Amino acid sequence: MKVGFIGLGAMGSAMASNLIKAGHEVTVWNRSPGPAEPFVSLGAKVVKTADRAAQGDVLFSMLANDQAVRQVFFDDGLFDGMDKGTVHVNHATISVALARELAEQHARRGLDYLAAPVFGRPDVAAAGKLNMLAAGKPALIDRLRPLLEAMASRIWPLGEEPERANVVKIAGNFMLGAAIESMAEASALARAHGVSAADFLEVMTNTLFAAPAYQGYAKLIGESRYTPAGFALPLGYKDIGLALAAADATRVPLPLAGLLRDSLLEALAGGKEDVDWSIMAEVAARRAHLDEREL
């Protein structure tokens with residue numbers, strides 16, 4: 001099948017590569033040209049404008065945030081360059097408000113639209129083992145399933161309204177952030193009493209919290225290994241902001257989300273950018289002045 005893919009960050013590059021491996025004819029575009037260059041050797045067609053990537057049967061997009069999506073689709077006119085009948089699959093983690101607006105704009109233009117954000121870090125994406133949330137017409141999900149399954153081990157249908165997939169993604173990332181914050185604070189407590197974070201978290205993630213999310217982030221915290229970032233700190237901050245905005249719109253109190261926002265902001269204020277959001281463990285340790293103690 002002829003498909004386009006725009007947005008070639010760590011996640012998008014891995015997903016587009018898997019579409020190529022599955023035998024599809026892929027055209028790629030990225031706002032900065034560097035990440036697109038390796039795709040030439042993989043057999044993809046690299047184009048200089050986003051609308052050239054939207055000439056196939058399906059356009060996949062994995063852009064960074066609301067601003068990037070608006071810039072490409074609205075300001076730069078990608079909507080105007082898409083033919084009726086084109087299917088757009090949006091993998092980006094975006095606000096619920098923008099998700100609704102995009103659904104309306106696609107419908108107005110006669111374009112099929114599927115919201116399909118994913119759970120999984122870049123290594124999971126590279127292995128084609130993502131969990132993909134999918135909201136849109138059931139028939140559309142069924143038609144695209146072979147393409148989606150080239151990138152994901154499981155597709156989770158969530159109804160026809162596209163924003164349903166986006167709110168599940170936002171709520172899920174909020175839960176991940178809460179897990180990291182709890183491990184960060186608990187590790188600081190253990191360290192203050194002479195127990196290393198690695199030892200403490202090894203016990204926890206093999207007993208009470210033996211789950212992939214806890215185990216993966218516990219390893220990063222225990223080893224103080226925050227680069228390369230599997231999920232960059234600014235993206236984590238952005239997603240917690242999306243959770244707070246979605247909560248505000250429906251009057252749902254999220255006290256923990258406010259705490260998370262402040263922890264992430266504190267890390268950002270310290271000049272941290274290209275690090276994993278599990279860097280919150282350093283924030284918790286700094287608040288307890290652990291480096292100044294004789295432990």
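Predicted model only: the values in this text are computed from it and were never measured. (Residues numbered from 1 in each chain as written. Predicted model: local features only at pLDDT ≥ 70, side-chain atom pairs only at ≥ 80, totals over all residues. Heavy atoms only, no water.)

As a packed pair, helix α7 (residues 163–192) and helix α8 (residues 197–204) sit with axes 9 Å apart at the nearest point and diverge in direction by 125°. When the axes of α7 and α8 are compared, the pair comes out oblique. Once α7 is placed against α8, the crossing between them reads as right-handed. For the pair formed by α7 and α8, the contact residues are Met183, Ala186, Ser187, Ala190 and Arg191 on the first element and Ala197, Phe200 and Leu201 on the second. Its residues assigned to classes, the contact of α7 with α8 comprises 6 nonpolar, 1 polar and 1 charged. (Axes fitted to C-alpha atoms, helices over the stretch in contact; angles between N-to-C directions. Helix = DSSP H or I, 4+ residues; strand = E, 2+ residues; numbered from the N terminus. Parallel < 35°, antiparallel > 145°, perpendicular 65-115°, else oblique. Left-handed = near helix turned anticlockwise from the far one by under 90°. Contact = heavy atoms within 4.5 Å. Nonpolar A, V, L, I, M, F, W, Y, C, P; charged D, E, K, R; others polar.)

Another aspect to go through is the pairing of strand β1 (residues 2–6). Consecutive side chains of a regular strand alternate in pointing toward one face of the sheet and then the other. Within β1, 4 of the 5 residues are buried, leaving the element largely enclosed by the surrounding structure. What joins β1 to strand β2 (residues 25–29) is helix α1 (residues 10–21), and the crossover it makes is right-handed. Across 4 bridges, the pairing between β1 and strand β4 (residues 58–61) is parallel. By the bridge assignment for β4, Val3 is matched with Val58. (Buried < 20%, exposed > 50% of the residue type's maximum accessible area, 1.4 Å probe, protein only. Right-handed = clockwise from strand over helix to strand, strands pointing away. Pairing = 2+ DSSP bridges.)

We now examine the sheet that holds strand β7 (residues 118–119). The sheet built from 3 strands is open, its strands ordered β7-β8-β9 with mixed pairing. Of all the strands in the sheet, just β7 and β9 (152–157) have a single pairing partner and so form its edges. Bridge analysis of strand β8 (residues 130–134) against β9 gives 5 bridges, and the strand direction is parallel. Looking at β9, one finds that Leu130 is bridged to Ala152.

The strand order across the open sheet formed by 6 strands is β3-β2-β1-β4-β5-β6, and the pairing between neighbours is parallel. Two strands in the sheet have a free side with no partner beyond their single neighbour: β3 (45–46) and β6 (112–115).

Time to look at the environment of Arg145. One can find Arg145 in helix α6 (residues 138–149). Given the relative accessible area of 24%, Arg145 is considered partly exposed. When near neighbours in sequence (up to four residues on either side) are disregarded, Arg145 contacts Ile155 and Pro157.

What follows deals with unusual backbone geometry. Residues Thr227 and Pro228 are joined by a peptide bond in cis, for which omega reads -5°. Within the element layout of this structure, Pro228 appears in the loop between α9 (212–222) and α10 (233–250). Phi at Ser224 is positive, roughly 50°, even though this residue is not glycine. Residue placement: Ser224 occurs in the loop between α9 and α10. The backbone of Arg251 sits at a positive phi, close to 55°, despite the residue not being glycine. Tracing the chain through its elements places Arg251 in the loop between α10 and α11 (255–269). Owing to a relative accessible area of 79%, Arg251 belongs among the exposed residues under this scheme.

Here the focus is the packing of aromatic side chains. Two aromatic rings are characterised by how far apart their centres lie and by the angle between their planes. Inspection of the entire model under this criterion finds 6 aromatic pairs. Between Phe5 and Phe60 the ring centres are 6.0 Å apart and the planes differ by 15°, which places this aromatic pair in the stacked class. One end of the pair, Phe5, is in strand β1; the other, Phe60, is in strand β4, with 55 residues separating them in the sequence. Taking relative accessible area as the criterion, Phe5 reaches 0% and is therefore assigned buried. Residue class for Phe60 comes out buried when judged on its relative accessible area of 0%. Aromatic side chains Phe74 and Phe79 sit 5.2 Å apart centroid to centroid with 85° between the ring planes, which places their arrangement in the edge-to-face category. Residue Phe74 is classed as partly exposed on the basis of its relative accessible area, which comes to 25%. Residue classification places Phe79 among the buried residues on the basis of a relative accessible area of 3%. (Phe/Tyr/Trp six-rings, centres within 6.5 Å; stacked < 30°, edge-to-face > 60°.)

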